[in-house]
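# Residue-level structure breakdown
Listed below, chain by chain, are the residues.
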Amino acid sequence: MKILVVGNLGYVGPVLIEELARKHPEAVIHGYDNAYFSHCLTGVNDLPERYLEQQFFGDSRDITVSMLRQYTAVIQLAAVSNDPMGSRFATVTKEINQDATVSMARKAAEAGVRNFVFASSCSIYGIASGAPRREGDQIAPMTDYAKSKFGAEAELENISGDMVITSLRFATACGMSPRLRLDLVLNDFVAGALSEGKITVLSDGSPWRPLIDVSDMARAIDWAIQRNADNGGRILSVNTGSNTRNHQVRDLATAVAEAIPGTTVSINTDAPVDSRSYQVDFDLFASLAPDYQPLKTLSDSIQGLVEGLQRMQFSDSDFRTSSYMRLQVLQSHIDSGRLSESLKWIDRSVKTPERQTA
């Protein structure tokens, strides 16, 4: 098996690569990334990319058919990866999350790739009161980020051929990573509790969010790169997470406070109701991938974050304006003249986008 992970130098990629290397020691694993966040290492003493045979640098918008030949599986993680970034870079969000994903998949099919895996999102359900949402239910994406994810899914369904395509509609990510993000709800709460001794919930705490630990995301991707067409169909969109990990935001805050003694919780009870609230039904994923179900509980994810942040001696109460926030990193690149508003590197003289070994 020869695997290409596109967008491997982010939050999910380092955890995924280690999982794949452990599960498939005989596999050849390559990474391809634009290196926006390659320097955002947290709490590690060595490069996560040591598990790779090679690291290539380039923009996911520039991938060609020839670059994808000989790969058994292509995993598309590259994305403008949350709502604030999607709002700040609306046009680019569609270019990278949707257009580049679909182009990559078409080229992968032409190149003879067996499995294509796309990291989609449950955020496509948007406003979803009532029963937990299943794959065939109506979607209501409210943000540029969510719209780009569903847009990619819709176009992937039109790709002909034999390539097995899996869109994993992930629950909200959480947990410790060698490139930690703190612009995720549970990660933010743990960081606030450790650095300030308090958690501030800006909403009234009632919205529902399904969560999945980043390590369980890696397990699901491992399933998807091996999936056969007779297990769910040649083209599949599937909610990826666990029914037990649908949580209301206020319950997440309470769980973190209980795990970190002395933490106070402030909930803005006067805030207008946040309409971005959805519970998700993960029964289809449970039936298709019984051996790859999420293992981490909410307590496990919180404890992993606490241990990781304490190991880093984390104490930055101003972390929301730091490099732990992906939007801050991109804005810093732009302000310094390294990156354009279209998220293209301005000085490419030290890089060759197609083949550069780490």
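Refer to the structure presented above.
First, a word on what this report is: a plain description of the structure on this page. Here the structure is a predicted model, which means the values were calculated and not measured.

## Focus: the nonpolar core
Among the nonpolar cores identified, the biggest contains 72 residues, and Ile-75, Leu-168, Leu-186, Ile-221, Trp-223 and Val-256 are the most heavily contacted of them. With seven residues, the single largest contributor to this core is helix H7 (residues 214-224). The contacts of Trp-223, once residues within four sequence positions are left out, are Thr-166, Leu-168, Asn-231, Leu-236, Val-238, Phe-285, Leu-288, Ala-289 and Tyr-292. Counting 23 residues, the second-largest nonpolar core is a separate cluster that includes Val-65, Leu-68, Ala-111 and Met-163.

## Observations concerning the packing of aromatic side chains
Taken as a whole and judged by the stated rule, the model has five aromatic pairs. Here the aromatic rings of Tyr-36 and Trp-345 are separated by 5.8 Å at their centres, their planes lie at 50 degrees, and the arrangement is tilted. Taken together, the positions of Tyr-36 in the loop between strand S2 (28-33) and strand S3 (54-57) and Trp-345 in the segment after helix H11 (326-335) put the pair 309 residues apart, joining distant regions of the chain. Each member of the pair Tyr-36 and Trp-345 is classed as buried. Summarising the aromatic geometry, the rings of Trp-223 and Phe-285 are spaced 5.7 Å apart at their centres and angled 75 degrees between planes, so their arrangement reads as edge-to-face. Here the residue Trp-223 occupies a position in helix H7, and Phe-285 occupies one in helix H9 (residues 283-288), the gap between them amounting to 62 residues. Across the pair, Phe-285 and Trp-223 agree in class, each one buried. In this structure, Lys-2 is placed above the aromatic ring of Tyr-71, and the distance from its NZ or CZ to the ring centre is 5.1 Å. In this structure, Arg-326 packs its charged tip against the face of Phe-37, placed 4.8 Å from the ring centre.

## A look at the side chain of His-333
As for its placement among the helices and strands, His-333 is situated in helix H11. The contact partners of His-333, leaving out residues within four places of it in the chain, are Tyr-36, His-39, Arg-338, Leu-339 and Trp-345.

## Quick look at the sheet that holds S2
Overall, parallel pairing links the seven strands, which are arranged S3-S2-S1-S4-S5-S7-S11 in an open sheet. This sheet does not close on itself; its edge strands, each paired only once, are S3 and strand S11 (235-240). On average, each strand axis in the sheet is inclined to that of its neighbour by 20 degrees, with strand direction left out of account. As defined by bridge partners, strand S1 (residues 2-6) adjoins S2 across five bridges and the pair is classed as parallel. Each bridged residue has a counterpart across the sheet, and for Val-5 the counterpart in S2 is Gly-31.

## Overview of the pairing of strand S9 (residues 198-201)
Judged by which residues are buried, S9 turns out to be one-sided: Ile-199 and Val-201 face inward and are buried, whereas Lys-198 and Thr-200, on the alternate face, are not. The pairing of S9 with strand S13 (residues 264-267) spans four bridges and is parallel. When the bridges of S13 are listed, Ile-199 appears paired with Val-265.

## Remarks on the side chain of Asn-8
When you line up the elements, Asn-8 lands in the loop between S1 and helix H1 (13-23). Residue classification places Asn-8 among the buried positions, given a relative accessible area of 0%. From its side chain, Asn-8 meets the backbone nitrogen of Tyr-32 in a polar contact 3.0 Å long. Residues within four places of Asn-8 in sequence aside, it is in contact with Gly-13, Pro-14, Ile-17, Gly-31, Tyr-32, Asp-33, Glu-49, Leu-52 and Gln-55.

## So, the environment of Thr-244
By secondary structure assignment, the location of Thr-244 is in the loop between S11 and strand S12 (246-248). Look at Thr-244 and you get exposed, because its relative accessible area is 65%. Sequence separation between Thr-244 and Leu-211 is 33 residues, and the spatial gap between their C-alpha atoms is 9.3 Å.

## Some thoughts on unusual backbone geometry
Unlike most non-glycine residues, Gln-313 shows phi in positive territory, near 55 degrees. Tracing the backbone through its elements, the reader meets Gln-313 in the loop between helix H10 (298-311) and H11. With a relative accessible area of 68%, Gln-313 lands in the exposed category. Of note, Leu-343 is a non-glycine position whose phi angle comes to about 60 degrees, a positive value.

## Details of the pattern of salt bridges
Enumeration according to the criterion identifies 17 salt bridges in this entry. With its nearest N and O atoms 2.8 Å apart, the salt bridge here joins Asp-46 to Arg-50. Look at Asp-46 and you get partly exposed, because its relative accessible area is 39%. A residue is classified by how much of its surface remains accessible, and Arg-50, at 52% relative accessible area, is exposed. Its salt-bridge partner being Asp-62, residue Lys-344 comes within 3.5 Å of it at the nearest N-O pair.

## Examining the environment of Glu-153
By the element assignment, Glu-153 lies in helix H5 (residues 144-156). Taking C-alpha positions, Glu-153 is 9.2 Å from Thr-101, a pair spaced 52 residues apart along the chain. When residues no more than four places from it in sequence are discounted, the contact partners of Glu-153 are Phe-118, Ser-120, Ile-124, Ser-167, Arg-169 and Ser-237.

## Considering the sheet that holds strand S10 (residues 208-213)
Spatially, S8-S10-S12 is the arrangement adopted by the three strands of the open sheet, whose pairing is mixed. Sheet topology places strand S8 (172-174) and S12 at the edges, where each strand pairs with a single neighbour. Pairwise comparison of adjacent strand axes, ignoring direction, gives a mean angle of 50 degrees for this sheet. Of the strand pairs in this sheet, S8 and S10 are connected by three bridges, and their pairing is parallel. Following the sheet pairing, Cys-174 is matched in S10 by Asp-213. Its contacts with the sheet put H7 on S8 and S10, and the angle it makes with S10 is roughly 70 degrees.

Calculation notes
- Residues numbered from 1 in each chain as written.
- Predicted model: local features only at pLDDT ≥ 70, side-chain atom pairs only at ≥ 80, totals over all residues.
- Heavy atoms only, no water.
- Core = buried A, V, L, I, M, F, W, Y, C linked by side-chain atoms within 4.5 Å.
- Buried < 20%, exposed > 50% of the residue type's maximum accessible area, 1.4 Å probe, protein only.
- Helix = DSSP H or I, 4+ residues; strand = E, 2+ residues; numbered from the N terminus.
- Contact = heavy atoms within 4.5 Å.
- Phe/Tyr/Trp six-rings, centres within 6.5 Å; stacked < 30°, edge-to-face > 60°.
- Lys NZ or Arg CZ within 6 Å of the ring centre and 35° of its normal.
- Pairing = 2+ DSSP bridges.
- Axes fitted to C-alpha atoms, helices over the stretch in contact; angles between N-to-C directions.
- Polar contact = N/O pair within 3.5 Å; in protein donor to acceptor, adjacent residues only side chain to side chain.
- Salt bridge = Lys/Arg side-chain N within 4 Å of Asp/Glu carboxyl O.

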